[in-house]
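Here is how the chains run, residue by residue.
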Amino acid sequence: MDIHLSGAQATPAERAAIDALLGRPTSRWRGGDREHAADSRYAHGGQSARARRHLLLPALHAVQDAVGHVTRGAVDYIAQRLTVPPADVYGVASFYALFEMHESPPTVAHVCDDVGCLARGAGELIASLERTCGPAGSPCADGRATWKRSPCLGLCERAPAALMRRAGEGRTDATLAPATAGMVHDELHGTSAPTRVMDSVPQRGESGLRLLSRVGVVDPTSLHDYLSHGGYAALAHAFLLGPEGVVKEVTESKLMGRGGAAFPTGVKWGAVLRASALPHHVVCNADESEPGTFKDRVLMEEDPFAVIEALTVAGFATGATMGWIYIRGEYPEAHDRLAHAIAVTRREGLLGDNVMGRVGFSFDIELRKGAGAYICGEETALFNSIEGYRGEPRNKPPFPVSEGLFRLPTAINNVETLANVLEILKGGSEEYLKLGLDSSRGTKLFCVAGNVTTPGLYELPFGATLRELLALAGGIEGGRALQAVLLGGAAGSFVTAEDLDVPLTFEGTRAIGASLGSGVVLVFDDRVDMRAIVRRIARFFRDESCGQCVPCRVGTQRQEEALGRLCAGASRAGRDEALLLIDDLDRAMRDASICGLGHTAAVAVQSAIRKLNLFAVEAP
């Protein structure tokens, strides 16, 4: 392969980080380990090296973690090691927000300025940082640190939030939530500040919980504790049922995907099980990047062994030998908990050959970390990211059940969906169907944040009303008036007080022109500037569009510009022109975008314009 290198050299630290992941090089090209090569006449490259392209993302993480940015020398060295053109390596690295492509201080604070944090003081936090540390992106602490604005970090119940990323030996990423300017300032200057730990699950310990029943009860680092609270009973029952029996049970339970698309899980699993191409894969989509969403993070942090067991059940039911967990890069605690759980279960015979003593069933899991790209929550973009390509969506069909990860049959589900499978197998589909309404069965996790008295993750049976959920969260903070609720996240819709009695089901929310989406319930009281919130949503989609298709790439840009004119106080003629343009852009993006990002980029904006009457012309 003709690969054109820049001539830049990787530093010893960069080479060591990459070699620790990929192993020592053994070929004769410059930089190869000639001294330790078994036979210097042969170069270990070609197809065998290209088959490791899926290690490109981990290699970039290794460099970023070691030195704080990705240099041209590191790009060239990774290109050589994986036999990938340097342009490809650079194209992948520059796609992700968490990879610094220019020299950067080793410590960076990513401070959330997204809608959930804006409702709880992020504006004041950022203004204070600008006074004490300088503008975003400017070096501070003698050039050893800086801070940046960030989209949602998935810590909405503890807003405002910040993510501390540190490079170098002994590095540890950490989250600050709730964060203050003083805490961020101290972290940037090398002085760790004490943090106030808030309970993300106000219901913890209550009877009747299912998906959250172990949260706060089981030590998330102890396999023994997990086993003593019913762990791996679902997998044992799955072995008794057999793959077809598991698929039948899941199908009869009417379990719908909990990530927003609400596709029947049993149908998906059955299609993969029957697929003739081998091997099969199962993927846990833990790239939870929808603003306002944090349910999967809580499950991964507080009940990681359940995630491993559920994915193993999925592997058994679909005939897969390999499972993948793709977790967003902004979740350091969840990543560490899952990595520990995988290592422990592998050591105890719950992963690997003959899982749990089941002769002939071999299954293992690889944990793969994203790097700051909302679009990678789209299933085909996620596959491309794992495979070592830019996280751009693919055209469908073909669908993942026939051509998914590595173009092989793949079942992909998010964390909450998989957690439901354990409940179904534990009590049977008939018991599961007793909860919920219509085709919305079982329980649902709701991410309640914003201006409520007790933000957090709540579990309720489908059919509870929005009013009941808000009452459970203590109502509007300080007894203030409700202005709006964002249901489903940035890709969802705004509702108002007149919608509080809507049943929280797929059918109920659809009837009022909204959706459950990923379970976001983001509350705004009468103090919040909703114009700023809506414009921030538009800016989010503008920034997160992968740019692959014109309708989304251009449409999200023009939508944000039109909202900017409206927020600046356009004349009546200018207002009408901007609103017509937003309508046209909505239709174009819905009709012609490749993936769901473009399809939903205008949904919240349109609902805000119509439901909240934000840009009405005042009477003279």
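What counts and what doesn't
Residues numbered from 1 in each chain as written. Predicted model: local features only at pLDDT ≥ 70, side-chain atom pairs only at ≥ 80, totals over all residues. Heavy atoms only, no water. Disulfide = S-S within 2.5 Å. Salt bridge = Lys/Arg side-chain N within 4 Å of Asp/Glu carboxyl O. Buried < 20%, exposed > 50% of the residue type's maximum accessible area, 1.4 Å probe, protein only. Helix = DSSP H or I, 4+ residues; strand = E, 2+ residues; numbered from the N terminus. Domains from an automatic or database assignment. Contact = heavy atoms within 4.5 Å. Buried area = accessible area lost by both parts, 1.4 Å probe. Nonpolar A, V, L, I, M, F, W, Y, C, P; charged D, E, K, R; others polar. Pairing = 2+ DSSP bridges. Axes fitted to C-alpha atoms, helices over the stretch in contact; angles between N-to-C directions.

**Student:** Is there a simple way to explain the state of the cysteines in this structure?
**Tutor:** In a disulfide, the sulfur atoms of two cysteines are covalently bonded to one another. Taken as a whole and assessed by the stated rule, the structure comprises zero disulfides. Take Cys 595: it sits in no disulfide, and the sulfur closest to it among the cysteines is that of Cys 546, at 6.2 Å.

**Student:** Help me out: how do you make sense of the pattern of salt bridges in this one?
**Tutor:** Pairing between side chains of opposite charge can happen when the charged atoms of each approach one another. Scanning the entire structure with this criterion turns up 45 salt bridges. For Arg 347, the salt bridge is made with Glu 348, and the minimal N-O distance between the two is 3.5 Å. Glu 348 gets classed as partly exposed once you look at its relative accessible area, which sits at 46%. Glu 378 is paired through a salt bridge with Lys 396; the nearest N and O atoms lie 3.5 Å apart. Remark: Lys 396 occurs in the loop between α15 (379-387) and β8 (410-414) and Glu 378 occurs in the loop between β7 (364-369) and α15; sequence separation between them is 18 residues. Owing to a relative accessible area of 15%, Glu 378 belongs among the buried residues under this scheme. On the basis of relative accessible area, Lys 396 is assigned to the partly exposed category, the value being 36%.

**Student:** Sorry if this is basic, but what is going on with the domain arrangement of the protein chain here?
**Tutor:** Accessible area lost upon the coming together of the parts is a frequently used measure of interface size. Under the domain assignment used here, the protein chain contains domain 1 (12-93), domain 2 (107-188), domain 3 (223-433), domain 4 (436-525) and domain 5 (530-611). A separation of 28 Å is found between the C-alpha centroids of domain 2 and domain 5. Each partner contributes residues to the interface: domain 2 has six residues there, and domain 5 has six residues. A combined buried area of about 470 Å² lies between domain 2 and domain 5, and 62% of that area is made up of carbon and sulfur atoms. Across the domain 2-domain 5 interface, the total number found is three salt bridges. As a salt-bridge pair, Asp 114 and Arg 536 come within 3.8 Å of each other at their nearest N and O atoms. Class assignment of the residues belonging to the side of domain 2 that touches domain 5 gives a composition of three nonpolar, one polar and two charged.

**Student:** What should I look at first to understand the sheet that holds strand β11 (residues 443-450) in this one?
**Tutor:** Working definition: the strands of a sheet are paired by backbone hydrogen bonds and lie parallel or antiparallel to each other. Across the sheet, five strands lie side by side as β12-β11-β15-β13-β14; this open sheet has mixed pairing. Across the chains shown, the open sheet's two edge strands, defined by having one partner strand only, are β12 (456-461) and β14 (493-495). For this sheet, the mean inter-axis angle between neighbouring strands, taken without regard to orientation, is 30°. Two elements, β11 and β12, share six bridges in a ladder whose sense is antiparallel. Paired with Phe 446 across the bridge in β12 is Tyr 458. The strands touched by helix α20 (residues 530-544) within the sheet are β13 (482-487), β14 and β15 (520-525), with β14 carrying the most contacts at an inclination of about 160°. Contacting β13 and β14, helix α24 (residues 603-611) crosses the sheet at an angle of about 30° to β14.

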